[in-house]
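# Architecture and fold: a report
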Amino acid sequence: TDPKRVRAVGSHGQTIRHRPRQAHPFTSQIADPNVIAARTGLTVVADFRRRDMALGGQGAPLLPAFHRVAFGNAGEDRLVVNTGGIANITLLPATGEVRGFDTGPANVLMDIVSRDELKQPFDAAGKTAATGKVDAALLAAMLEEPYFATAAPKSTGPELFNRQWLDAKLAGRRPATADLLATLAELTARSVAEAALRYCAGVRQAY
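Below or above, wherever it landed, is the structure these notes cover. What you see is a predicted model; the values in this text were computed from it and never measured. (Residues numbered from 1 in each chain as written. Predicted model: local features only at pLDDT ≥ 70, side-chain atom pairs only at ≥ 80, totals over all residues. Heavy atoms only, no water.)

## Examining the packing of helix α6 (residues 136–143) against helix α8 (residues 163–170)
For any two helices packed against each other, the geometry comes down to the angle between their axes and how far apart the axes lie. Between α6 and α8, whose axes approach to 9 Å, the crossing angle comes to 125 degrees. Classified by the angle their axes make, α6 and α8 are oblique. Crossing hand, α6 versus α8: right-handed. Contacts between α6 and α8 pair L138, A141 and M142 from the former with W165, L166, K169 and L170 from the latter. A class-by-class count of the residues in the contact of α6 with α8 yields six nonpolar, no polar and one charged. (Axes fitted to C-alpha atoms, helices over the stretch in contact; angles between N-to-C directions. Helix = DSSP H or I, 4+ residues; strand = E, 2+ residues; numbered from the N terminus. Parallel < 35°, antiparallel > 145°, perpendicular 65-115°, else oblique. Left-handed = near helix turned anticlockwise from the far one by under 90°. Contact = heavy atoms within 4.5 Å. Nonpolar A, V, L, I, M, F, W, Y, C, P; charged D, E, K, R; others polar.)

Here it is in structure tokens:
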């Protein structure tokens, strides 16, 4: 790409520590924007999280501003769901303030199981999960996680939803890998849906 065609570089960096709920909240990312600017000769926009935290937010997720520009419509309520390692939603009301927050795990727990039990980095196309059955008792235990009931704004990551969290919820259960993956997929769907129903009137009306 011709550098003259690039207006600016947006560099979030790599988060190495994110603690928005402590008495003295902080977040830390590596990747120096000064180095990027010096090597590319371009304007670099960086340090995306800390101003939001200074104003009382969680500094995450980062997508609501983009979602407002790309998908906002003054005539209707809209909700955007983003699923990566962690799932988050953006509420785009017909009128009023745009809001966004992390709802809980998306692929992060499924990828852990895939690495540990399938010896694969992820369950490609969800093929293994699609052959499994949801373990209702395990799902109920997972949904008891206090994070799901915590009011927004909120954010989370692998500091909470990790192997230790999963083992604690399993509490000695040994479901088949396919069943565990299916249950984790259902956990993502349920936690996203319940957050949407709780915070978006338009979703409740359509449900």
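## A look at the packing of aromatic side chains
As enumerated under the stated definition, the model contains five aromatic pairs in all. With a centroid separation of 6.1 Å and 90 degrees between ring planes, the pair formed by Y147 and F161 is classed as edge-to-face. Residue Y147 is located in helix α7 (residues 146–149), and its partner F161 is located in the loop between α7 and α8; the two are separated by 14 residues in the primary sequence. For F161, a relative accessible area of 0% translates into the label buried. Ring centres 5.0 Å apart and planes at 65 degrees place the aromatic pair F161 and W165 in the edge-to-face group. Considered together, F161 and W165 belong to a single accessibility category, that of buried residues. Connected via pairs of aromatic rings, a cluster forms that spans Y147, F148, F161 and W165. Stacked on the ring of Y147, the Lys or Arg K154 has its end atom at 4.5 Å from the ring centre. (Phe/Tyr/Trp six-rings, centres within 6.5 Å; stacked < 30°, edge-to-face > 60°. Buried < 20%, exposed > 50% of the residue type's maximum accessible area, 1.4 Å probe, protein only. Lys NZ or Arg CZ within 6 Å of the ring centre and 35° of its normal.)

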